[in-house]
Amino acid sequence: MIFFLQLLVSGLAVGSVYGLVALGFVLIFKATDVFNFAQGDLLAVGAYLMFVALAVFNLPVALAIIATVVAAGILGAMLQRVVFKPLQGQPLLTVVMATIALSLIIQGALVIIFGSQDLSFPRTLPSSIVAIGALRLSMLDLIIMGCSVVCVSAFALFFRYTSLGLQMRATAEHPEAAALSGINSDRVFTVAFSIGTVTAALGGIFLGSLQVVSPTLSQIGLLAFPAVVVGGLTSIPGSVIGGLLIGVLQQLSAGYFDGAVASVVVYSGLLLVLLLRPQGLLGRPSVQRH
Amino acid sequence: MQLRQHLDTDYQRQLRLFGSPGAVVVAIVAFALLMALPFLIGRGTLAGIGLAAINNALIAIIGAVALNLLVGFTGLLSMGHAAFFAVGAMAAAIFGTQLELPFPLVLLASGLCGAGIGVIVGLPSLRLSGLYLLLSTLALHFLTLYAFLQYQLYNFGLSGVFYPTAMIGPIEIGTDHRWYFVLVACVVATILIARNVLQSREGRAFVALRDHPTAAAALGVNVAVLRIKAFALSSFLVSVAGALFAFNLGVVTTDAFTLHFVVAYFAMIIIGGMGSLLGSVLGAVVWEFLPQWLASAASNIDPATPVIGDTLARHQAQIISVVMGCIIILVLIRWPAGLAGVVRSTVAAIRSWPYRS
């Protein structure tokens with residue numbers, strides 16, 4: 001039972017990171033229709049940016065996080081301008097392929113700059129052990145869960161109450177109508193990419209603290225896809241719940257069996273959801289008119 | 001919109017193997033060149049390309065044609081390409097290594113296994129489309145690879161699945177030279193099959209399905225059956241390519257079939273041109289040869305050169321992946337129709353000379 005609870009908590013911690021990354025993913029997808037296969041790589045970029053801020057510039061942890069977030073935001077905006085803006089209105093596969101190409105470039109560039117060995121942050125978030133009865137919890141897990149909850153609520157408030165958030169929701173709902181009522185869709189797209197990259201970078205910081213910083217982080221980021229689909233491709237709360245579900249499922253099956261079984265369990269779950277409820281657990285079924 | 005230079009005025013023109021006398025000449029010259037190529041190269045290299053690399057490119061052409069049939073012509077997005085390669089390799093191990101069937105029979109059996117799995121994988125496409133189909137095939141990718149890994153560990157162990165030397169009748173296909181001719185025959189067969197299917201009722205229905213599923217259904221195309229047929233045909237060809245790939249290599253592990261593998265094939269058909277057989281061939285050739293050229297260009301640069309020299313020497317694979325990524329994005333933005341589109345517009349410009357096309 002204790003083993004189960006420990007796995008559950010670490011699953012929720014990893015899952016909240018997946019949820020955060022999935023949130024950025026859904027945001028980009030809703031606002032710009034870009035299905036971003038490079039989300040996992042942006043996560044790795046976030047982890048490396050954090051490493052640079054800590055190891056090269058010697059910033060304190062809090063400042064390093066802020067610097068990483070700002071850099072990631074700028075990177076996201078640049079990607080939108082340089083790569084995705086010229087591809088606007090192209091078919092699905094073209095855009096997907098561009099994001100895959102981006103992922104090739106990022107993976108190559110990271111190894112060229114940092115080498116392929118594992119790095120770890122010189123200073124991390126506090127990681128002491130907290131004991132509750134027989135249950136031993138890592139402070140890091142709790143902090144990550146807390147931070148993810150704060151980030152997700154912050155984004156929720158942003159969408160609900162700010163003018164820019166409203167514009168983004170309008171663009172996601174109906175791009176043409178939003179543009180007709182005077183919303184600068186270019187700006188909305190750029191902001192969406194910035195926020196999507198920032199959430200990926202935050203995920204990278206957290207995963208980098210939980211594990212090591214290495215190019216394989218981008219493959220872990222790939223687990224954001226099942227999270228997104230399970231939750232519903234267009235639902236923001238869905239992506240968070242999907243992330244938590246996938247995280248728990250993965251940690252439990254990795255704990256009771258092994259890592260290879262975990263990916264089978266996760267992707268079987270994905271397939272099941274796709275076949276039985278393609279719109280995801282919280283998504284709305286899309287009505288198509290031809 | 002460009003006016004087509006030649007309009008087919010009767011059905012016989014559609015059915016002809018060669019569109020014009022010029023095409024016959026081109027085909028004969030191409031055939032002669034293909035047959036002469038291994039003797040021109042011998043044991044050395046031609047423009048930095050050895051025979052082994054050419055053989056890899058030939059296998060890639062089969063894979064690219066098959067993927068283009070599914071994605072480029074029928075419009076079904078599938079990330080299951082590496083999975084079908086793995087199915088082909090696994091079937092080849094069962095029929096070739098374990099049951100010791102003759103090689104041509106192994107190829108056929110692998111293809112049929114692939115087609116069977118393709119039908120199963122195609123089933124979600126009846127409910128899902130676009131992105132959802134892409135993700136369901138992504139899930140199948142991981143499940144198939146897990147199955148392959150278990151099969152490999154259970155029967156062969158960590159070092160990988162072993163394949164015997166391929167035999168056609170009494171002839172042993174042990175050298176790159178002999179492989180070349182076998183693979184050329186397979187490539188020509190694949191292209192002819194694809195070309196004939198595309199000119200049949202089914203093939204035209206594939207394209208209709210891609211362009212407008214509802215309109216296709218209204219014209220009497222059975223969408224469900226046709227999607228399954230497309231999956232079956234494509235995965236048959238991919239699995240044959242997988243079996244060839246496995247026999248050519250001799251030893252295969254699951255590491256061969258990563259998502260990078262899938263990405264590479266998508267890159268081939270995008271660089272070459274979606275929905276074009278010529279494009280599949282060009283894309284596969286460019287994708288296989290360009291890294292070789294890049295590598296040999298990089299090795300000409302002295303490692304002592306400041307800044308870039310050292311990086312070039314140590315991270316060749318990564319630099320190639322960055323360059324290829326940039327090329328994909330550039331092609332997507334500048335030439336969405338790929339190399340085949342460039343060829344087509346050049347031919348059109350020459351034909352209509354001195355008028356502008």
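Residues numbered from 1 in each chain as written. Chains lettered and ligands numbered in written order. Predicted model: local features only at pLDDT ≥ 70, side-chain atom pairs only at ≥ 80, totals over all residues.

Engineer: Whenever I open this one, the overall build of chain B confuses me. Can you help?
Structural biologist: Check the secondary structure of chain B and you find 15 helices and four strands. Its C-alpha atoms give chain B a radius of gyration of 21 Å, within 12% of the compact-globule value 21 Å for 357 residues. On the principal axes, the C-alpha backbone points of chain B span a range of 60 × 50 × 45 Å. Classification of the 357 residues of chain B by burial places 43% in the buried group. Within chain B, contacts between residues separated by at least 24 positions form 76% of all contacts whose residues are at least 6 apart in sequence. (Helix = DSSP H or I, 4+ residues; strand = E, 2+ residues; numbered from the N terminus. Rg over C-alpha atoms; globule rule 2.2 N^0.38 Å. Buried ≥ 20, exposed ≤ 12 C-beta atoms within 10 Å, placed from the backbone. Contact = placed C-beta atoms within 7 Å.)

Engineer: Looking at this structure, I do not really get the overall build of chain A. What am I missing?
Structural biologist: Secondary structure assignment for chain A yields twelve helices and two strands. Ordered by position in the sequence, the α and β elements of chain A form the string α-α-α-α-β-β-α-α-α-α-α-α-α-α. Taken against the 2.2 N^0.38 rule, which gives 19 Å for 290 residues, the C-alpha radius of gyration of chain A at 19 Å falls within 12% of a compact globule. Its C-alpha atoms put chain A at 60 × 50 × 35 Å along the principal axes.

Engineer: How should I be thinking about unusual backbone geometry in this particular structure?
Structural biologist: Peptide bonds are mostly trans, and most non-glycine residues show a negative phi. Of note, the amide linkage connecting B:Trp353 to B:Pro354 takes the cis form, showing an omega dihedral of 5 degrees. Note on placement: B:Pro354 falls in the segment after helix 15 (338–351). Although it is not a glycine, A:Asn58 sits at a positive phi angle of roughly 55 degrees. Along the chain, A:Asn58 falls in the loop between helix 2 (39–56) and helix 3 (61–84). What makes A:Asn58 exposed here is the crowd of 11 C-beta atoms within 10 Å. Even without being glycine, B:Glu100 reaches a positive phi, approximately 55 degrees. In this structure, B:Glu100 sits in the loop between helix 4 (81–98) and helix 5 (103–122).

Engineer: Help me understand the packing of helix 3 of chain A against helix 8 (residues 185–210) of chain A, please; the structure alone is not making it clear to me.
Structural biologist: The axes of two packed helices give the description: the angle between them and the distance between them. Residue and element names in this part refer to chain A. Two elements in contact, helix 3 and helix 8, have axes separated by 7 Å at closest approach and are oriented at 140 degrees. On the basis of the axis angle, helix 3 is oblique to helix 8. In this structure, the crossing between helix 3 and helix 8 has a hand that is right-handed. On helix 8, the residues that touch Ile65, Thr68, Val69, Ala72, Gly73, Leu75, Gly76, Ala77, Leu79, Gln80 and Arg81 of helix 3 are Phe189, Thr190, Phe193, Ser194, Gly196, Thr197, Val198, Ala201, Leu202 and Ile205. Here the residues of the contact of helix 3 with helix 8 are counted per class, giving twelve nonpolar, eight polar and one charged. (Axes fitted to C-alpha atoms, helices over the stretch in contact; angles between N-to-C directions. Parallel < 35°, antiparallel > 145°, perpendicular 65-115°, else oblique. Left-handed = near helix turned anticlockwise from the far one by under 90°. Nonpolar A, V, L, I, M, F, W, Y, C, P; charged D, E, K, R; others polar.)

Engineer: Would you mind showing me how to read the domain arrangement of chain B here?
Structural biologist: One frequent convention defines the size of an interface as the accessible area lost when the parts assemble. Residues and elements named next belong to chain B. Split into domains, chain B comes out as domain 1 (49–257) and domain 2 (258–357). Taking only C-alpha atoms, the centre of domain 1 and the centre of domain 2 are 23 Å apart. Opposite the 23 residues of domain 1 that make contact, domain 2 presents 22 residues. Contributions of two or more residues to the side of domain 1 that touches domain 2 are made by helix 3 (51–73), helix 4 and helix 7 (176–199). Among the elements that make up the side of domain 1 that touches domain 2, the one with the highest residue count is helix 3 (13 residues). Of the residues that constitute the side of domain 1 that touches domain 2, the class distribution is 16 nonpolar, five polar and two charged. (Domains from an automatic or database assignment.)

Engineer: Mind showing me how you'd approach the pairing of strand 2 (residues 135–138) of chain A here?
Structural biologist: As a general feature of sheets, a regular strand has side chains that alternate between the two faces. All names here are of chain A. Inspection of the sheet shows strand 1 (residues 129–132) paired to strand 2 by four bridges, in the antiparallel sense. Directly across from Ile132, in strand 2, lies its bridge partner Leu135. Taking the residues between adjacent antiparallel strands as the criterion, strand 1 and strand 2 are bridged by two residues, where Gly133 takes a positive phi near 60 degrees. (Pairing = 2+ DSSP bridges.)

Engineer: Sorry if this is basic, but what is going on with helix 3 of chain A here?
Structural biologist: Residue pairs three or four apart in sequence face the same way in an α-helix, which turns once every 3.6 residues. The end-to-end C-alpha separation of helix 3 of chain A is 33 Å, in line with the 34 Å expected for 24 residues at 1.5 Å each. For helix 3 of chain A, the complete set of buried residues consists of A:Ala64, A:Ile65, A:Thr68, A:Val69, A:Ala72, A:Leu75, A:Gly76, A:Leu79, A:Gln80, A:Val83 and A:Phe84. Of the surrounding elements, those touching the buried residues of helix 3 of chain A are helix 1 (2–32), helix 2, helix 4 (92–114) and helix 8 of chain A together with helix 14 (316–334) of chain B. (Expected span 1.5 Å × (residues − 1).)

Engineer: How should I be thinking about the environment of B:Ser125 in this particular structure?
Structural biologist: All names here are of chain B. Among the structural elements, Ser125 can be located in the loop between helix 5 and helix 6 (130–155). Counting along the chain gives 170 residues from Ser125 to Ala295, while the straight-line C-alpha distance between them is 40 Å. Not counting the four nearest positions on each side in its chain, Ser125 is found in contact with Leu76, Leu133, Arg227 and Phe231.

Engineer: I'm lost on helix 8 (residues 201–211) of chain B in this one. Help?
Structural biologist: Residues of helix 8 of chain B that are buried: B:Ala205, B:Phe206 and B:Leu209. Looking straight down helix 8 of chain B, one finds its buried side chains confined to an arc of 110 degrees; they lie on one side. (Arc of directions from axis to C-beta.)

Engineer: What exactly am I supposed to notice about the interface of chain A and chain B here?
Structural biologist: Contacts between chain A and chain B engage 33 residues on the former and 34 residues on the latter. Put simply, the parts of the chain that give the side of chain A that touches chain B at least two residues each are helix 4, helix 10 (224–231) and helix 12 (259–276) of chain A. Within the side of chain A that touches chain B, the residues separate by chemical class into 26 nonpolar, seven polar and no charged.

Engineer: What's the story with the confidence of the model for chain B in this structure? I'm lost.
Structural biologist: Where the model shows low pLDDT, its predicted coordinates should not be examined in detail. Residues and elements named next belong to chain B. On average, residues of chain B score 85 in pLDDT, and 93% of them are at 70 or above. Mean pLDDT values over the elements of chain B span from 67, in helix 13 (residues 308–314), up to 92, in helix 10 (residues 223–249). The model gives residues 1–5 a pLDDT under 50, and that stretch makes five contacts with residues more than four places away or in other chains. Under the prediction, the complex receives an ipTM of 0.80, its pTM being 0.85. (pLDDT = per-residue confidence, 0-100.)

Engineer: I'm lost on the environment of B:Ile61 in this one. Help?
Structural biologist: All names here are of chain B. Position of Ile61 relative to the elements: it lies in helix 3. Here Ile61 falls in the buried class, since 27 other C-beta atoms lie within 10 Å of it. With 125 residues separating them in the primary sequence, Ile61 and Cys186 have C-alpha atoms 9.9 Å apart. Every residue in contact with Ile61, bar those within four places of it in the chain, is listed here: Val187, Ser280, Val281 and Ala284.

Engineer: What should I look at first to understand the packing of helix 4 of chain A against helix 14 of chain B in this one?
Structural biologist: Interaxial distance between helix 4 of chain A and helix 14 of chain B falls to 8 Å at its minimum, and their mutual angle equals 155 degrees. Classed by the angle they form, the pair helix 4 of chain A and helix 14 of chain B counts as roughly antiparallel. You can see that helix 4 of chain A and helix 14 of chain B cross each other, and the crossing is left-handed. Contacts between helix 4 of chain A and helix 14 of chain B involve A:Thr94, A:Met97, A:Ala98, A:Ala101, A:Leu102, A:Leu104, A:Ile105, A:Gln107, A:Gly108, A:Ala109, A:Val111 and A:Ile112 from the former and B:Gln318, B:Ile319, B:Ser321, B:Val322, B:Met324, B:Gly325, B:Cys326, B:Ile328, B:Ile329 and B:Leu332 from the latter. In terms of residue class, the contact of helix 4 of chain A with helix 14 of chain B is built from 16 nonpolar, six polar and no charged.

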